[in-house]
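Residues per chain, in single letters:
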Amino acid sequence: MLTHSELRQLFHRHGLAATHQRQIIYEAAMVPPGHASPEAIYDRVRKKIPGVSLATVYKNLRTFIDCGLLGRVSLHSGSLRVESNPEPHHHLVCIRCKSIVDLEEKELAPIRFRHKLPYGFRAQRVAVDILGICKACSVRPRASRKRPTRR
């Protein structure tokens, strides 16, 4: 965790005012495990700033994403998730509980394209999302679905 002085310097390097509210929101976004939703971050922030609005949290998260302090995780979870890990990596995404776990880049063989990318697209980084069922969901029985009985 960064000290307040280090956090102020970080914001200054990214052209942001280091307000108390912004610092608390950023710190809440950085709490492990990563990939928190704005709503989860809002719940953390409200413990320190009870009067903060969800809109303020969203606005600051967008600012952090736009200036590169946080990343945006793909939308497989159905809503915005923020990324606090700046290192190149991939994701394991549970399709049941929507949990997201980082997978180090070295865990996958380098990805090569067979052909030139269409439309003049130039890849800067390849990120892979592996969709599946996490361990917790695979051992937890699914909610039973009753089939209608035929009469």
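Coordinates for the structure precede this section.
Worth saying up front: this structure is predicted, and the values here are computed from it rather than measured.

J.: Break down the overall build of the chain for me, citing the residues and quoting the values.
T.: Helix and strand counts for the chain stand at five helices and five strands. Secondary structure elements of the chain occur, N-terminal to C-terminal, as α-α-α-α-β-β-β-β-β-α. For the chain, whose C-alpha radius of gyration is 19 Å, the value lies well above the compact-globule estimate of 15 Å for 151 residues. Each principal axis of the C-alpha atoms in the chain carries an extent, and together these give about 65 × 50 × 30 Å. The 151 residues of the chain split such that 28% are buried. Of the contacts made within the chain by residues no fewer than 6 positions apart, 46% connect residues no fewer than 24 positions apart. Surface summary for the chain: the accessible area is close to 11,100 Å², and the carbon and sulfur share equals 53%. Averaging the positions of the 27 positive and the 12 negative side-chain charges in the chain gives two centres separated by 12 Å.

J.: Describe the pattern of salt bridges, with residues and values.
T.: Tallied over the full model, the rule gives one salt bridge. Ionic pairing is found between Glu 104 and Lys 106, a salt bridge with its closest N-O pair at 3.5 Å.

Rules behind the numbers
Residues numbered from 1 in each chain as written. Predicted model: local features only at pLDDT ≥ 70, side-chain atom pairs only at ≥ 80, totals over all residues. Heavy atoms only, no water. Helix = DSSP H or I, 4+ residues; strand = E, 2+ residues; numbered from the N terminus. Rg over C-alpha atoms; globule rule 2.2 N^0.38 Å. Buried < 20%, exposed > 50% of the residue type's maximum accessible area, 1.4 Å probe, protein only. Contact = heavy atoms within 4.5 Å. Areas by Shrake-Rupley, 256 points an atom, 1.4 Å probe, with all protein chains shown as cover. Lys, Arg positive; Asp, Glu negative; His and termini not counted. Charge placed at Lys NZ, Arg CZ, Asp CG, Glu CD. Salt bridge = Lys/Arg side-chain N within 4 Å of Asp/Glu carboxyl O.

Purely geometric stuff here, so don't read any function into it on its own.
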